[in-house]
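Notes for the structure review
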Number of protein chains: 2
Amino acid sequence: MLNFEFFTPTKMIFGKDTHKRVGEVIKSYGFHKIMLHYGGGSIQKNGVYEQVTASLKDAGIDYLDFGGAEPNPKLELVEKGAQLCKDHGVELVLAVGGGSAIDSAKEIAVGACYDGSTWDFSTKAKTPRAALPVGVILTLSASGSEMSASAVITNEKLGLKRGYNSEFHRPLFSICNPELTFTVNKFQTGCGIVDISMHTLERYFSKSPDTPLTDAIAESVVRQTIAAGRRAIKNPEDYDARADLMWASSLSHNDLTGCGRETFMACHQIEHELSGKYDFVAHGAGLSVIFPAWAKYVYKHNVPRFVQFANKVWDIPVSQENPEETALAGILATERYFAEIGMPVRLSQLNVGDEAFYEMAEKCTESGGRTLPGWLPLNTKEIVDIFELAK
Amino acid sequence: MLNFEFFTPTKMIFGKDTHKRVGEVIKSYGFHKIMLHYGGGSIQKNGVYEQVTASLKDAGIDYLDFGGAEPNPKLELVEKGAQLCKDHGVELVLAVGGGSAIDSAKEIAVGACYDGSTWDFSTKAKTPRAALPVGVILTLSASGSEMSASAVITNEKLGLKRGYNSEFHRPLFSICNPELTFTVNKFQTGCGIVDISMHTLERYFSKSPDTPLTDAIAESVVRQTIAAGRRAIKNPEDYDARADLMWASSLSHNDLTGCGRETFMACHQIEHELSGKYDFVAHGAGLSVIFPAWAKYVYKHNVPRFVQFANKVWDIPVSQENPEETALAGILATERYFAEIGMPVRLSQLNVGDEAFYEMAEKCTESGGRTLPGWLPLNTKEIVDIFELAK
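What counts and how
- Residues numbered from 1 in each chain as written.
- Chains lettered and ligands numbered in written order.
- Predicted model: local features only at pLDDT ≥ 70, side-chain atom pairs only at ≥ 80, totals over all residues.
- Heavy atoms only, no water.
- Helix = DSSP H or I, 4+ residues; strand = E, 2+ residues; numbered from the N terminus.
- Rg over C-alpha atoms; globule rule 2.2 N^0.38 Å.
- Buried < 20%, exposed > 50% of the residue type's maximum accessible area, 1.4 Å probe, protein only.
- Contact = heavy atoms within 4.5 Å.
- Least-squares fit on C-alpha atoms with pLDDT ≥ 70 in both.
- Patch = residues over 30% accessible without salt bridge, like charges linked within 9 Å, V, L, I, M, F, W, Y side chains within 5 Å.
- Areas by Shrake-Rupley, 256 points an atom, 1.4 Å probe, with all protein chains shown as cover.
- Salt bridge = Lys/Arg side-chain N within 4 Å of Asp/Glu carboxyl O.
- Lys, Arg positive; Asp, Glu negative; His and termini not counted.
- Charge placed at Lys NZ, Arg CZ, Asp CG, Glu CD.
- Core = buried A, V, L, I, M, F, W, Y, C linked by side-chain atoms within 4.5 Å.
- Pairing = 2+ DSSP bridges.
- Axes fitted to C-alpha atoms, helices over the stretch in contact; angles between N-to-C directions.
- UniProt positions renumbered as here; feature names shortened; annotations may be inferred.
- Parallel < 35°, antiparallel > 145°, perpendicular 65-115°, else oblique.
- Left-handed = near helix turned anticlockwise from the far one by under 90°.
- Nonpolar A, V, L, I, M, F, W, Y, C, P; charged D, E, K, R; others polar.
- Buried area = accessible area lost by both parts, 1.4 Å probe.

**Re the overall build of chain A**
Within chain A, the regular secondary structure consists of 15 helices and eight strands. A compact globule built from 391 residues would reach a C-alpha radius of gyration of about 21 Å, and chain A, at 20 Å, matches this within 12%. Projected onto its principal axes, the C-alpha positions of chain A cover 70 × 45 × 45 Å. When the 391 residues of chain A are sorted by exposure, 63% land in the buried category. The contacts in chain A between residues at least 6 apart in sequence include a share of 77% that link residues at least 24 apart.

Have a look at this one:
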């Protein structure tokens, strides 16, 4: 087991009706002036906006209304939001939404305490030194951003999508009411299931040995995500299934499933190029296509790990004569499951052709300036090969 | 799944040599004057005391040396420590040790910011309003106190041992180096394995349904504790086994294994009377005796839960005709395991007779003023029955 730090200071407030308490929660920290940040119109349609603003008003919290967060959240909006925070003396940024609204809020919070562009942090040219606190009301189980230290932002001018980690990105609190996800449609639910699974699997398929406890927890998170995912897709108002997905979302990306292991999210890195290039590709749908291709490309370089995955997650009996067969069966079971819940597993299903494989691979490796580490380090050529396998 | 809050702000710094960084860690928070609190002479014998004080000196941290923490930590020492903190302007209490030193430090930290006796908190007559921060260097994998909100203190004058939870009890940081547990003897290692298992199992055997994710995580923690426990007993210097036990210690008692479930620690409550009455009974050894008796006494009131435990933790096939047999087999497997690692499973092995069963049961129920809740609520009579089964 490798040395590690584990630090998850976000207060998770989980369960039915919890979002109606947001005003008193914010008041308990002593804040009076906040920014309310959210995405499109869904929270207005389903009544969440009204319930949240009523709670804020009841608690005497003054809020600056700032919507417009989009999937693959944009730097331009972040910069505008950060300036508004400065101009109005905002004390906390409250994100109501999924990963896009949360990541956008995290960057606004960092930008509000910085004199330049937050893209300086995305490129790792600078490190944030301060940030406003961020609160979350979660409406989508997927990104894990509600308990993670990361945020991913798209710079449209440069056509680049970049994520980075900072302890300032950990939300102060996250209010997670599974009922708010009842109205999430089948496709978005599927994207979430894939994203949650991948946050755990990317940590699981790392190089480090001798972490049986972390492994067992990771296998549990993935198994229960698979099981709850099936139930939620079938019955969108199954509270316990939605609750398991929501809690798995947080646990899969708060570092728990990677403790003592080296982590480098190769599939995420490759997928960021895909949805960075093709804005119509949802992150979860992109991962659903990339993971099976990546796994088929690399599994022979660590057969025992994929055998363990097949056995512990998919209950596939271990073949002593032909362990490679067991390993591949686990990958195919994952691919079948993704397809079963309605997710694409080939680029053609995303309407993505092969015209930009090289361009995306070059961006991902910074023109060969970095490789994605792992059992098999991936450079431009290997990433193109993976795209080819995913066609 | 029930509503829950999950809040674990303790920074965990885990791995080899980490304790040698304690000075810089404390300095990074801006503290200069601390109390160094620890137990008997073991940290002086094994060189840890020297390494820790060297690190403090290197970082320019002024420390007040205050040893003497005992198993079942005493109120008298706490009050003395709290007064010293007040007199000397201590800013942080650093515990070096296991649960006893940590719990003692937590109470000192609370007492340093209170004008009365901290026993007011133990009896729940008062609620703490402030506390000094607590830091931990863990030398024993057992209590989970390094990441928990609880502390247990013994009032010798009243002959009472009482625990309570407070968010002020969460340590600011915990430094966990598994190597520091290499010298823990077989008996103390066994006590730790039982204590870790029980922190998870008491949450697992609660009344609340529909928490498959929490269940699966709890089953993973117990399974890996059992496996790592066997290895650590056999080879005390097996780093990875010691590391799994240490990490399981924290995860088993930071609430993760109980999220969405109602928790009431019946075995702990009963055991506190046992080691409160008989000071020579180690907490883990007491639990090792109480759990099998408790489980045999209550399992018929929730056979499916004990069947799940037998199957998921012990791989015992489920008998459709006679599920009670499966349930009992899981309890007996646990009892055999405790015996295998050298722990007592009967009161007679602890040299405890039946002279005080009624007295201890009455204390536990506050003379019938409270029952221990669960599938089968336990009052004085039932607790006496459990002691009888444990003879």
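**Considerations on the relation of the copies chain B and chain A**
Superposing chain B onto chain A takes a rotation of 180 degrees plus a shift of 0.0 Å along the axis, which leaves an RMSD of 0.0 Å. Considering both components of the superposition, the chain copies are consistent with a two-fold axis. The C-alpha atom lying nearest the rotation axis in chain B is that of Pro9(B); the distance is 1.9 Å. Mapped onto chain A, 100% of the interface residues of chain B are again interface residues, and the two copies thus contact each other with one and the same surface.

**Describing a negative patch on the surface**
Taken together, Glu70(A), Glu76(A), Glu79(A), Glu156(A) and Asp279(A) make up a surface patch of like negative charges. Along the polypeptide, Asp279(A) turns up in the loop between helix H10 (266-277) and helix H11 (283-298).

**Quick look at the nonpolar core**
Core analysis: the largest hydrophobic core is formed by 215 residues, its most contacted members being Trp294(A) and Trp294(B). If sequence neighbours within four positions are ignored, Trp294(B) has contacts with Phe205(B), Ala266(B), Cys267(B), Phe306(B), Trp375(B), Leu378(B) and Ile386(B).

**Considerations on the sheet that holds strand S1 (residues 4-14) of chain A**
Strand pairing in a sheet relies on backbone hydrogen bonds, with the paired strands running either antiparallel or parallel. Judged by pairing direction, the sheet is mixed, and its twelve strands sit side by side in the order S3(A)-S2(A)-S4(A)-S5(A)-S8(A)-S1(A)-S1(B)-S8(B)-S5(B)-S4(B)-S2(B)-S3(B) without closing on themselves. In this open sheet, the two strands that pair with only one neighbour each are strand S3 (62-66) of chain A together with strand S3 (62-66) of chain B. Adjacent strand axes in the sheet meet at a mean angle of 25 degrees when their direction is disregarded. Bridging between S1(A) and strand S1 (residues 4-14) of chain B involves seven bridges; their strand directions are antiparallel. Looking across to S1(B), one finds that Thr8(A) is bridged to Thr8(B).

**Topic: the UniProt feature "domain: Alcohol dehydrogenase iron-type/glycerol dehydrogenase GldA" (unreviewed entry) in chain A**
The sites that UniProt annotates as "domain: Alcohol dehydrogenase iron-type/glycerol dehydrogenase GldA" (unreviewed entry) are residues 9-178 of chain A. Helix makes up 31% of residues 9-178 of chain A and strand 26%, with an end-to-end C-alpha separation of 21 Å.

**Here's the deal with the packing of helix H14 (residues 357-364) of chain B against helix H15 (residues 380-389) of chain B**
All names here are of chain B. Where H14 contacts H15, the two axes come as close as 9 Å, and the packing angle between them is 135 degrees. As summarised for this structure, H14 and H15 are arranged oblique, according to the angle between their axes. Taken as a pair, H14 and H15 cross one another with a handedness that is right-handed. Of H15, the residues touching H14 (which contributes Phe 357, Tyr 358, Met 360, Ala 361, Glu 362 and Cys 364) are Thr 380, Ile 383, Val 384, Phe 387 and Glu 388. Of the residues in the contact of H14 with H15, the class split is eight nonpolar, one polar and two charged.

**With respect to the interface of chain B and chain A**
With 37 residues of chain B at the interface, the matching set in chain A holds 37 residues. Roughly 3300 Å² of surface becomes buried between chain B and chain A when both sides are summed, with 61% attributable to carbon and sulfur atoms. Considering only the side of chain B, the residues that lose the most area to chain A are Met1(B), Leu213(B) and Trp247(B), jointly responsible for 19% of the buried surface there. Connecting chain B to chain A are three salt bridges. Here Arg21(A) makes a salt bridge to Glu5(B), at a shortest N to O gap of 3.4 Å. Secondary structure elements with two or more residues in the side of chain B that touches chain A: S1, helix H8 (212-234) and helix H9 (239-253) of chain B. Counting residues per element, the side of chain B that touches chain A draws most heavily on S1(B), which supplies eleven residues. A per-class count over the side of chain B that touches chain A returns 21 nonpolar, eight polar and eight charged.

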